[in-house]
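Each chain, written out:
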Amino acid sequence: MSGETMIEAAPAKINLALHVTGQRADGYHLLDSIVAFAGHGDRLSFSPAERDSFSLGGRFGDLLSAEGEGRDGNLVVKARDLLRETLEAAGQSAGPVAITLEKNLPVASGIGGGSADAAATLRGLLRFWRASLPSDMLSAIGLELGADVPMCLESRPLRARGIGDVIDRLDTMPRLALVLVNPLKAVSTPDIFRRLTHKDHPPIETLPRSAGPAEWLTFLTGLRNDLEPPARALLPDIADVSGQLHDVGARLVRMSGSGATCFGIFDNVEAACAAAGELARRRADWYVQACETVVG
């Protein structure tokens, strides 16, 4: 165990495209998604302690439970306990730890906040406990916590298929300048999936071979998020967010995940920051964040 505090970032996950390609017998939907991660997100710290503790801070910390029990239990606590159980079964030490989550991302907003937090907990605690696990075992723990956790363990550009567990890195994806906007209104993911009229869309076709931003923008423009139409029907604010992003000059606008966060792609970081400033001025009641995606 480390004797000092360690920090682990939990970057926002952005589904640049999301095609629903099928549904398994157990109810899980099959997806084909192009995923990027932002240089902005939540932040976790891990400190030595005599007994376990978990505390919350940040803009959205008050909206979360600090308990790990039950369906709505915090994924950070669930990840800590599951990793500890696995390590101890393998004869590795996993002592008490004080964890603090700085919650900067909106809750249940389609940018993987809870999954990113769980993944960052797994990564951070492995470092803090000076422990190790095979990558396939770590991915299995992640999948037990949630379908998006394995991709958040990667936190680099990727293509996710299956239920999110079949992952291919996209080393040619360039950095993208984005503005993330959320109206701070909840939309139900189960309701969105229930409203899908088709669940057998074709998968994403040939990926760009180069890292040229123009080629990637053209490629992404030809894709879609199959969850966006039913999400808009449930929450008309998403159309307003999308329209505002177009109005401030975004080259491409789309909803991420099951919403309600939308992203706009801009020519550069300076343009994204200027657009975010204008949107924040117009709608102080929204979450607005300029950022740049990370590359592999």
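The following paragraphs examine the structure supplied in this document. Because the structure is a prediction, the values reported are computed rather than measured.

Overview of the side chain of Arg-80
Looking at where Arg-80 falls in the secondary structure, it is placed in helix 1 (residues 75-89). Of the residues examined, Arg-80 reaches a relative accessible area of 10% and is grouped as buried. Residue contacts for Arg-80: discarding those within four places in its chain leaves Asp-52, Ser-53, Val-97, Ile-99, Thr-121, Leu-125 and Trp-129.

A short note on helix 6 (residues 213-221)
Those residues of helix 6 not exposed but buried are Trp-216, Leu-217, Phe-219 and Leu-220. Buried residues in helix 6, looked at end-on, bunch into an arc of 160°, giving them a common side. Facing away from the buried side of helix 6, by more than 90 degrees, are the exposed residues Ala-214 and Thr-218. Against strand 1 (6-23), strand 2 (29-48), strand 8 (252-255) and strand 9 (262-266) lie the buried residues of helix 6.

What about the nonpolar core?
Counting residues in each nonpolar core, the largest one holds 37 residues, and the members touching the most others are Leu-83, Leu-122 and Trp-129. Of all elements in the fold, only strand 1, strand 2, helix 1, strand 4 (97-102), helix 2 (113-128), helix 3 (135-145), helix 4 (149-154) and strand 5 (158-162) reach the threshold of two or more residues within this core. Ranked by size, the runner-up nonpolar core spans 30 residues in total, among them Val-187, Leu-196, Val-253 and Ala-290.

Here's the deal with the packing of helix 2 against helix 3
Relative to each other, helix 2 and helix 3 sit at 145°, their axes nearing to 10 Å. The two elements helix 2 and helix 3 meet at a crossing, and its hand is right-handed. Where helix 2 approaches helix 3, its residues Ala-118, Leu-122 and Leu-126 are matched on the opposing element by Leu-138, Ile-141, Gly-142 and Leu-145. Across the contact of helix 2 with helix 3, the residue classes break down as six nonpolar, one polar and no charged.

A look at the packing of helix 1 against helix 3
Packing of helix 1 against helix 3 leaves a shortest axis separation of 10 Å and a crossing angle of 140°. In the packing of helix 1 onto helix 3, the handedness of the crossing is right-handed. Mapping the contact onto sequence places Leu-75, Lys-78, Ala-79, Leu-82, Leu-83 and Thr-86 in helix 1 and Met-137, Ile-141, Glu-144 and Leu-145 in helix 3. Among the residues making up the contact of helix 1 with helix 3, the classes are represented as seven nonpolar, one polar and two charged.

A word on the sheet that holds strand 9
Within a sheet, neighbouring strands are paired by backbone hydrogen bonds and run either parallel or antiparallel to one another. Here we have four strands laid out as an open sheet, ordered 8-9-7-10, and antiparallel in their pairing. Edge strands, defined here as strands with exactly one partner in the open sheet, are strand 8 and strand 10 (287-292). Sheet twist, expressed as the mean angle between neighbouring strand axes with direction ignored, is 20°. Sheet topology note: the strand 7 (residues 177-182)/strand 10 ladder contains six bridges and is antiparallel. Bridge pairing in strand 10 places Leu-180 opposite Gln-289. In the packing of helix 6 onto the sheet, contacts are made with strand 8 and strand 9, and the angle to strand 8 comes to roughly 45°. Packing of helix 9 (residues 269-282) onto the sheet brings it into contact with strand 7, strand 9 and strand 10, and relative to strand 7 it is tilted by some 20°.

Observations regarding the pattern of salt bridges
Two side chains carrying opposite charge are able to pair once their charged atoms lie near each other. Following the criterion strictly, the structure yields 24 salt bridges and no others. With a closest N to O distance of 2.5 Å, Arg-224 and Asp-226 form a salt bridge. The salt bridge involving Arg-282 is made with Glu-278; its shortest N-O contact spans 2.8 Å. Of this pair, Arg-282 and Glu-278 both sit in helix 9, four residues apart, which is roughly one turn of the helix. Look at Arg-282 and you get partly exposed, because its relative accessible area is 31%. Taken together, the shared-partner salt bridges in this structure form one network comprising Asp-52, Arg-80, Asp-81 and Arg-84.

Remarks on the packing of aromatic side chains
Taken as a whole, this structure holds two aromatic pairs when the rule is applied. For the ring pair Phe-60 and Tyr-287, a centre distance of 6.1 Å and an interplane angle of 65° mean the geometry is edge-to-face. Here Phe-60 is found in the loop between strand 3 (53-57) and helix 1, whereas its partner Tyr-287 is found in strand 10, with 227 residues between them in sequence. Of the residues examined, Tyr-287 reaches a relative accessible area of 2% and is grouped as buried. Seen in terms of ring centroids, Trp-216 and Phe-219 are 5.5 Å apart; in terms of plane orientation they differ by 90°. Their pairing is edge-to-face. Of this pair, Trp-216 and Phe-219 both sit in helix 6, three residues apart, which is roughly one turn of the helix. Side by side, Trp-216 and Phe-219 carry an identical accessibility label, which is buried.

Definitions and cut-offs
- Sequence order as written defines the numbering, with residues in each chain counted from 1.
- Where totals are concerned, whole chains, interfaces and linings use all residues; where local detail is concerned, this predicted model gives features only for residues with pLDDT of at least 70, and gives and counts side-chain atom pairs only at 80 or more.
- Each side-chain value is derived from all of the structure's non-hydrogen atoms; neither hydrogens nor water enter the calculation.
- The secondary structure listing takes helices from DSSP runs of H or I that are at least 4 residues long and strands from runs of E that are at least 2 residues long, numbered from the N terminus.
- Think of it in three bands: residues with accessible area under 20% of the maximum for their type are buried, residues over 50% are exposed, and the middle band is partly exposed, with areas taken using a 1.4 Å probe on protein chains only.
- The contact criterion used is simple: two residues touch if any of their non-hydrogen atoms lie within 4.5 Å.
- Regarding the arc, it is the one traced by the directions from the helix axis to the C-beta atoms.
- Here, nonpolar core means buried Ala, Val, Leu, Ile, Met, Phe, Trp, Tyr and Cys residues that are tied together by side-chain atoms lying within 4.5 Å of each other.
- Only the stretch in contact is used when fitting a helix axis, every axis being a line fitted to C-alpha atoms; angles between N-to-C directions are given from 0 to 180 degrees.
- Crossings are classed by handedness, with left-handed meaning an anticlockwise turn of the near helix from the far one by less than a right angle and right-handed meaning a clockwise turn.
- When residues are grouped by polarity, Ala, Val, Leu, Ile, Met, Phe, Trp, Tyr, Cys and Pro land in nonpolar, Asp, Glu, Lys and Arg in charged, and all others, Gly among them, in polar.
- For two strands to be treated as a pair, DSSP must find no fewer than two bridges joining them.
- For this analysis, a salt bridge means a side-chain nitrogen from Lys or Arg found within 4 Å of a carboxyl oxygen belonging to Asp or Glu.
- Side-chain rings of Phe, Tyr and Trp, where Trp is taken by its six-membered ring, are said to pair if the distance between their centres is within 6.5 Å; with planes under 30 degrees apart they count as stacked, over 60 as edge-to-face, and otherwise as tilted.

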